[in-house]
Amino acid sequence: MIRIKDLCKSFENNNVLKNLNLEINDGEIVVILGKSGSGKSVLLKHIIGLLKPNSGSVFVDEHDMGKLCGRAYFKVLKSFGMIFQGGALFDSLSVGENIAFYLVEHKLCGGKFFPKSGIKKAVKDALKSVGLEGTEDLYPSSLSGGMKKRASIARSVIYQPKYTLYDEPTTGLDPVTAMTIGNLILEQHKRLNGTTVVVSHDIYTTINIADRIALLENGIIQVIDSPKKFMSNDNQTIRSFNKIIGGNIDNIVFNDRKI
Ligand SMILES: Nc1ncnc2c1ncn2[C@@H]1O[C@H](COP(=O)(O)OP(=O)(O)OP(=O)(O)O)[C@@H](O)[C@H]1O
Ligand SMILES: [Mg+2]
């Protein structure tokens, strides 16, 4: 479980997060929506402990992420998979080497020892699970934007993290590819039986994958609710999201997911 309590973060005079509160339950997919610059990436980086709060706390299970350091921090970090906004693949490594990276470095999968002899097959399986079979020997520079997102998802899910965080997984993709990435997030979530946090401004994908949607605005979570209730909220930004989808949530649900 992720519990964020009264989180404040400023960069000099820029107060980005202002007493933000949020709880994410085990097993759910929460999508955090917000305009560009609202602090979505800053919030994710607090969850994974890459940024430390000015005040307030971020608890992941029993761990206070703002207070952990050194070995204790890296131990908890292993329960996270993070798909960064730009993909963050290593350009000098092949796709296969990128995907294998964590298993080679840490020899852990789902928190348990993983033998070197199993890595080749695990890479093959991870690439298959994201629809990138046979791309082991390619380099990131020869992948399309959508393929890079898939590869970075494979790099994360291969070690079966408990928590998977996605930062703008569909930005820059055409709507059809964005939809397939949305489906992939759902599939991986079910496969890992974990907890997923996605930050996005893509309302179409959000509605299709979220158990709950949160709106980050003016430094706090203004609204958090199931997709249908969220979209019925009177908040002005949510009304704009409603306009984007033509006011009818039922028409844009591609999955058979009940909302
Ligand atoms: N390391 C940093 N140093 C200084 N300011 C930062 C830093 N990281 C983020 N900010 C500022 O915090 C604010 C929120 O940034 P953030 O990247 O979280 O926005 P975002 O909601 O993820 O936007 P986008 O949708 O464009 O990715 C911005 O004003 C940004 O300039
Ligand atoms: Mg961002």
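Note that the coordinates shown come from a computational prediction; the quantities given were computed from them, not determined experimentally. (Residues numbered from 1 in each chain as written. Chains lettered and ligands numbered in written order. Predicted model: local features only at pLDDT ≥ 70, side-chain atom pairs only at ≥ 80, totals over all residues.)

> Honestly, the overall build of the protein chain in this entry has me stumped. Any pointers?
Per the secondary structure count, the protein chain includes nine helices and 12 strands. For a compact globule of 259 residues, the expected C-alpha radius of gyration is about 18 Å, and the protein chain comes in at 18 Å, within 12% of that figure. Seen through its C-alpha atoms, the protein chain measures out along the principal axes to roughly 55 × 45 × 30 Å. The buried share of the protein chain, taken over its 259 residues, is 40%. (Helix = DSSP H or I, 4+ residues; strand = E, 2+ residues; numbered from the N terminus. Rg over C-alpha atoms; globule rule 2.2 N^0.38 Å. Buried ≥ 20, exposed ≤ 12 C-beta atoms within 10 Å, placed from the backbone.)

> Quick question: what am I supposed to make of the packing of helix H5 (residues 145-157) against helix H6 (residues 175-192) here?
A pair of packed helices is captured by two measures, namely the crossing angle of their axes and the spacing between those axes. Their axes nearest at 11 Å, the elements H5 and H6 cross at an angle of 5°. Relative to H6, H5 is oriented roughly parallel. Residues Gly146, Lys149, Arg150, Ile153 and Val157 of H5 form the contact with H6, whose participating residues are Thr177, Ile181, Leu184, Gln188 and Leu192. When its residues are assigned to classes, the contact of H5 with H6 shows five nonpolar, three polar and two charged. (Axes fitted to C-alpha atoms, helices over the stretch in contact; angles between N-to-C directions. Parallel < 35°, antiparallel > 145°, perpendicular 65-115°, else oblique. Contact = placed C-beta atoms within 7 Å. Nonpolar A, V, L, I, M, F, W, Y, C, P; charged D, E, K, R; others polar.)

> Would you take a moment to explain the domain arrangement of the protein chain for this structure?
One frequently used descriptor of interface size is the decrease in accessible area upon assembly of the parts. Domain boundaries in the protein chain define domain 1 (1-79 + 163-259) and domain 2 (90-161). Between domain 1 and domain 2, the residue contacts involve 13 residues of the former and 13 residues of the latter. Of all the secondary-structure elements, those providing two or more residues to the side of domain 1 that touches domain 2 are strand E9 (163-167) and H6. Broken down by element, the residue count for the side of domain 1 that touches domain 2 peaks at five residues, all from H6. For the side of domain 1 that touches domain 2, a count of residues per class yields six nonpolar, six polar and one charged. (Domains from an automatic or database assignment.)

> Explain the environment of Gly182 to me, please; I cannot follow it from the model alone.
Position of Gly182 relative to the elements: it lies in helix H6. Residues Gly182 and Tyr204, spaced 22 residues apart in sequence, show a C-alpha to C-alpha distance of 9.2 Å. Leaving out residues up to four positions away in the same chain, Gly182 has contacts with Thr170, Thr205, Asn208 and Ile209.

> Would you mind showing me how to read the sheet that holds strand E12 (residues 220-225) here?
In a beta sheet, neighbouring strands pair by backbone hydrogen bonds and run either parallel or antiparallel. In space, the six strands of this open sheet follow the order E6-E9-E10-E3-E11-E12, with mixed pairing throughout. Looking along the sheet, the strands with just one partner apiece sit at the ends: strand E6 (80-83) and E12. Here the strands of the sheet are splayed against their neighbours by 15° on average, with no regard to which way each runs. Against the sheet, H5 engages E6 and E9, with an angle of about 175° to E6. (Pairing = 2+ DSSP bridges.)

> How do you make sense of the site of ligand 1 when you look at a structure like this?
Around ligand 1 lies a shell of 13 residues, among which Phe11, Ser36, Lys40, Ser41 and Val42 are the nearest. Contributions of two or more residues to the shell around ligand 1 are made by strand E2 (14-24) and helix H1 (40-47). Per-element accounting of the shell around ligand 1 gives the leading share, three residues, to H1. Here the shell around ligand 1 is composed, by residue class, of three nonpolar, eight polar and two charged. (Near = placed C-beta within 6 Å.)

> I'm lost on H1 in this one. Help?
Count 3.6 residues to each turn of an α-helix, and residues three or four apart come out pointing the same way. Counting buried residues along H1, six of its eight residues qualify, which places the element largely inside the surrounding structure. Within the sequence span of H1, burial applies to Lys40, Val42, Leu43, Leu44, His46 and Ile47. Once H1 ends, the next one or two residues include Gly49, with phi positive near 80°.

> Can you walk me through the sheet that holds strand E1 (residues 2-11) in this structure?
In space, the four strands of this open sheet follow the order E2-E1-E4-E5, with antiparallel pairing throughout. Strands at the two margins of the open sheet, each flanked by one partner only, are E2 and strand E5 (63-64). Pairing between E1 and E2: seven bridges, direction antiparallel. Bridged to Leu7 within E2 is Leu20.

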